[in-house]
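Listed below, chain by chain, are the residues.
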Amino acid sequence: MPIRTASARWQGNLTEGSGTVRTGKGGLSGNYSFKSRFEEGEGTNPEELIGAAHAGCFSMALSKQLADAGAQETAVETTAKVHFDKTDAGMTVTRIDLETVGQVPGIDQAEFTKLAEAAKENCPISRLLSPGAQITLNARLA
């Protein structure tokens, strides 16, 4: 497998500085700042990027689970809500709430939930994050 690359550049001090993040090969590019990370300012932040990575990885893992079960989904849409909290150790990603909606004809809610839970356990980003952060899942059919 190829090695994936992303980069960041920060200029200035913590509260007044600003930065940019980029993913490899023309993927994502965005600005970030103290305000976009710790307040409600414009731009992105590392926690949103983790959420995007987790939502993307989970959606692909769920698609594989569905295909392996013989289901033909028309769409899977996932949102990851990343909780960034102050702990005794400092600012920490403490929890990620995955919310997914699937358009999957011919499958019932119980089977969809079972397959979504398996996807959560097998998604590489879930496995990376779960030792340090609680991961919850709300999976429903459209």
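Residues numbered from 1 in each chain as written. Predicted model: local features only at pLDDT ≥ 70, side-chain atom pairs only at ≥ 80, totals over all residues. Heavy atoms only, no water.

1. Brief notes about a nonpolar patch on the surface
Here comes step 1: Taken together, the side chains of Trp10, Leu14, Phe38 and Met91 present a nonpolar region at the surface, about 380 Å² in accessible area.
Here comes step 2: Of note, leucine 14 is situated in the loop between β1 (6-11) and β2 (18-23). (Patch = residues over 30% accessible without salt bridge, like charges linked within 9 Å, V, L, I, M, F, W, Y side chains within 5 Å. Areas by Shrake-Rupley, 256 points an atom, 1.4 Å probe, with all protein chains shown as cover. Salt bridge = Lys/Arg side-chain N within 4 Å of Asp/Glu carboxyl O. Helix = DSSP H or I, 4+ residues; strand = E, 2+ residues; numbered from the N terminus.)

2. Comments concerning the packing of aromatic side chains
Here comes step 1: Per the stated rule, a full pass over the model turns up three aromatic pairs.
Here comes step 2: Measuring from centroid to centroid gives 4.9 Å for phenylalanine 34 and phenylalanine 38, while their planes differ by 40°, and the two rings are tilted. Taken as a pair, phenylalanine 34 and phenylalanine 38 lie in helix α1 (residues 34-38) at a separation of four residues, close to a single helical turn.
Here comes step 3: Overall, the relative accessible area of 35% leaves phenylalanine 38 in the partly exposed class. (Phe/Tyr/Trp six-rings, centres within 6.5 Å; stacked < 30°, edge-to-face > 60°. Buried < 20%, exposed > 50% of the residue type's maximum accessible area, 1.4 Å probe, protein only.)

3. Regarding the domain arrangement of the protein chain
Here comes step 1: Under the domain assignment used here, the protein chain contains domain 1 (4-36) and domain 2 (44-139).
Here comes step 2: Of note, the centres of domain 1 and domain 2, computed from C-alpha atoms alone, are 25 Å apart.
Here comes step 3: Counting residues at the interface gives six residues for domain 1 and four residues for domain 2.
Here comes step 4: The three residues of domain 1 that bury the most area against domain 2 are Val21, Tyr32 and Ser36, which together make up 69% of that side's buried surface.
Here comes step 5: If you look at where domain 1 meets domain 2, you find zero salt bridges.
Here comes step 6: The tally of links from domain 1 across to domain 2 stands at three residue pairs in polar contact (both at pLDDT 80 or more).
Here comes step 7: For the side of domain 1 that touches domain 2, the residue count by class is two nonpolar, four polar and no charged. (Domains from an automatic or database assignment. Contact = heavy atoms within 4.5 Å. Buried area = accessible area lost by both parts, 1.4 Å probe. Polar contact = N/O pair within 3.5 Å; in protein donor to acceptor, adjacent residues only side chain to side chain. Nonpolar A, V, L, I, M, F, W, Y, C, P; charged D, E, K, R; others polar.)

4. Comments concerning the pattern of salt bridges
Here comes step 1: Applying the stated criterion across every chain, the model contains seven salt bridges.
Here comes step 2: Arginine 95 is the salt-bridge partner of aspartate 97, the closest N and O atoms lying 2.8 Å from each other.
Here comes step 3: Judged by relative accessible area, arginine 95 falls into the partly exposed class, the value being 29%.
Here comes step 4: Across the pair glutamate 121 and lysine 120 runs a salt bridge, and its minimum N-O distance is 4.0 Å.
Here comes step 5: Taking relative accessible area as the criterion, lysine 120 reaches 12% and is therefore assigned buried.

5. Some details on the sheet that holds strand β5 (residues 90-103)
Here comes step 1: The three strands are arranged β4-β5-β6 in an open sheet whose pairing can be described as mixed. With partners counted over all chains shown, the strands left at the sheet margins are β4 (75-87) and β6 (134-141), one partner each. Each neighbouring strand pair of the sheet contributes to a mean axis angle of 15°, computed without reference to strand direction.
Here comes step 2: Across 13 bridges, β4 lies against β5 in antiparallel orientation. (Pairing = 2+ DSSP bridges. Axes fitted to C-alpha atoms, helices over the stretch in contact; angles between N-to-C directions.)

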